[in-house]
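Descriptive structure summary
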Amino acid sequence: MKKIEAVIQTFKLDDVKEALVNSDITGITVSEAKGYGRQQGHTELYRGAEYQIDFIPKMLIEVVVNDNFLDKAVQIIQENASTGKIGDGKIFINEISDVIRIRTGERGSEAL
């Protein structure tokens with residue numbers, strides 16, 4: 001099993017979620033996040049004064065999938081989160097050794 005963590009732009013969340021659900025990939029955790037990468041934040045103008053925005057609002061999506069769904073899930077996230085511009089985000093993939101469904105005690109793939 002693999003855990004996919006995708007940091008994406010906030011306005012792309014609905015597109016990514018809908019595409020994952022339509023591909024029978026369910027069980028998504030979403031968190032609000034702030035950060036920056038190569039763009040190093042940006043400058044905004046408010047009432048005539050410039051100020052620096054160091055951390056840009058993003059969404060963090062976490063999905064755990066069986067190994068055979070990994071490539072499909074990554075492709076869906078990448079296609080639906082991309083704008084082609086700087087700041088689109090990153091996808092991280094981690095190994096998951098076990099999953100336990102609290103309610104039933106099921107383990108592994110059955111718990112997903």
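Okay, so let's go over this structure. (Residues numbered from 1 in each chain as written. Predicted model: local features only at pLDDT ≥ 70, side-chain atom pairs only at ≥ 80, totals over all residues. Heavy atoms only, no water.)

Some thoughts on the pairing of strand β1 (residues 2–8)
For clarity, the cut-off: The classification of residues rests on relative accessible area computed with a 1.4 Å probe and restricted to protein chains. Under 20% of the type maximum is buried, over 50% is exposed, and intermediate values are partly exposed. The way it works is that DSSP assigns letters per residue, a run of H or I at least four long becomes a helix, a run of E at least two long becomes a strand, and they are numbered from the N terminus. Here the rule is simple: two strands pair whenever DSSP picks up at least two bridges between them.
Most of β1 sits inside the fold, with five of its seven residues counted as buried. In this sheet, strand β5 (residues 56–65) lies alongside β1 in antiparallel orientation, the contact comprising seven bridges. Its bridge partner lying in β5, lysine 3 is registered against valine 64. In this structure, β1 lies alongside strand β6 (residues 89–95), joined through seven bridges in antiparallel fashion. When the bridges of β6 are listed, alanine 6 appears paired with isoleucine 91.

A few points about the nonpolar core
Rule in force here: Only buried residues count toward a nonpolar core. Its members are Ala, Val, Leu, Ile, Met, Phe, Trp, Tyr and Cys residues joined through side-chain atoms within 4.5 Å. Contacts were defined at the residue level, with two residues in contact if any of their heavy atoms lie within 4.5 Å.
Ile4, Ile8, Val16, Leu20, Ile25, Ile61 and Val65 are the most contacted members of the largest nonpolar core, which totals 18 residues. Broken down by secondary-structure element, the contributors of at least two residues to this core are β1, α1 (13–22), β5 and α2 (70–81). Excluding residues that lie within four positions of it along the chain, isoleucine 4 makes contacts with Ile61, Glu62, Val63, Val65, Leu70, Ala73, Val74, Ile77, Ile91 and Phe92.

What to know about unusual backbone geometry
Note: most residues except glycine have negative phi, and most peptide bonds are trans. With a phi close to 65°, aspartate 24 is a non-glycine residue in the positive phi region. By the secondary structure assignment, aspartate 24 is in the loop between α1 and β2 (28–35).

Some points on the sheet that holds β6
As a reminder of what qualifies: Fitted lines through C-alpha atoms serve as axes, helices being fitted only where they are in contact, and the angles separating the N-to-C directions of these axes extend from 0 to 180 degrees.
A sheet is described by the order of its strands in space; here four strands give the open sequence β2-β5-β1-β6, paired in antiparallel fashion. Bordering the open sheet on either side are β2 and β6, each of which pairs with just one other strand. Shown here is a sheet whose adjacent strand axes are inclined to one another by a mean of 20°, direction ignored. Its contacts with the sheet place α2 against β1, β5 and β6, and it is angled at close to 5° to β1.

Topic: the side chain of aspartate 88
Condition: Identification of polar contacts relies on pairs of N or O atoms within 3.5 Å, with a donor-acceptor requirement for protein atoms, meaning one able to donate a hydrogen and the other able to accept it, and with residues adjacent in sequence counted only if both atoms are side-chain atoms.
With respect to the helices and strands, aspartate 88 occurs in the loop between α2 and β6. In terms of polar contacts, aspartate 88 uses its side chain to reach the side chain of glutamine 9, at 3.0 Å. Within the structure, the side chain of aspartate 88 is placed 2.9 Å from the backbone nitrogen of glycine 84, a separation counted as a polar contact. When residues no more than four places from it in sequence are discounted, the contact partners of aspartate 88 are Val7, Ile8, Gln9, Ala81, Ser82 and Thr83.

A few points about the pattern of salt bridges
One side chain can pair with another of opposite charge once the charged atoms of both are near each other. Our working definition: Any Lys or Arg side-chain nitrogen found within 4 Å of a carboxyl oxygen on Asp or Glu counts as a salt bridge.
Per the counting criterion, the structure on display carries seven salt bridges. Close ionic contact of aspartate 98 with arginine 107 constitutes a salt bridge, the shortest N to O distance being 2.6 Å. The exposure class of arginine 107 is partly exposed, given its relative accessible area of 47%. Across the pair arginine 101 and glutamate 106 runs a salt bridge whose closest N-O atoms are separated by 2.8 Å. Looking at arginine 101, the relative accessible area reads 26%, which means it is partly exposed. On the basis of relative accessible area, glutamate 106 is assigned to the partly exposed category, the value being 31%. Bridged by salt links that share partners, the residues Lys2, Asp67 and Glu95 form one connected network.

Treat this as a map of the structure, not an account of what it does.
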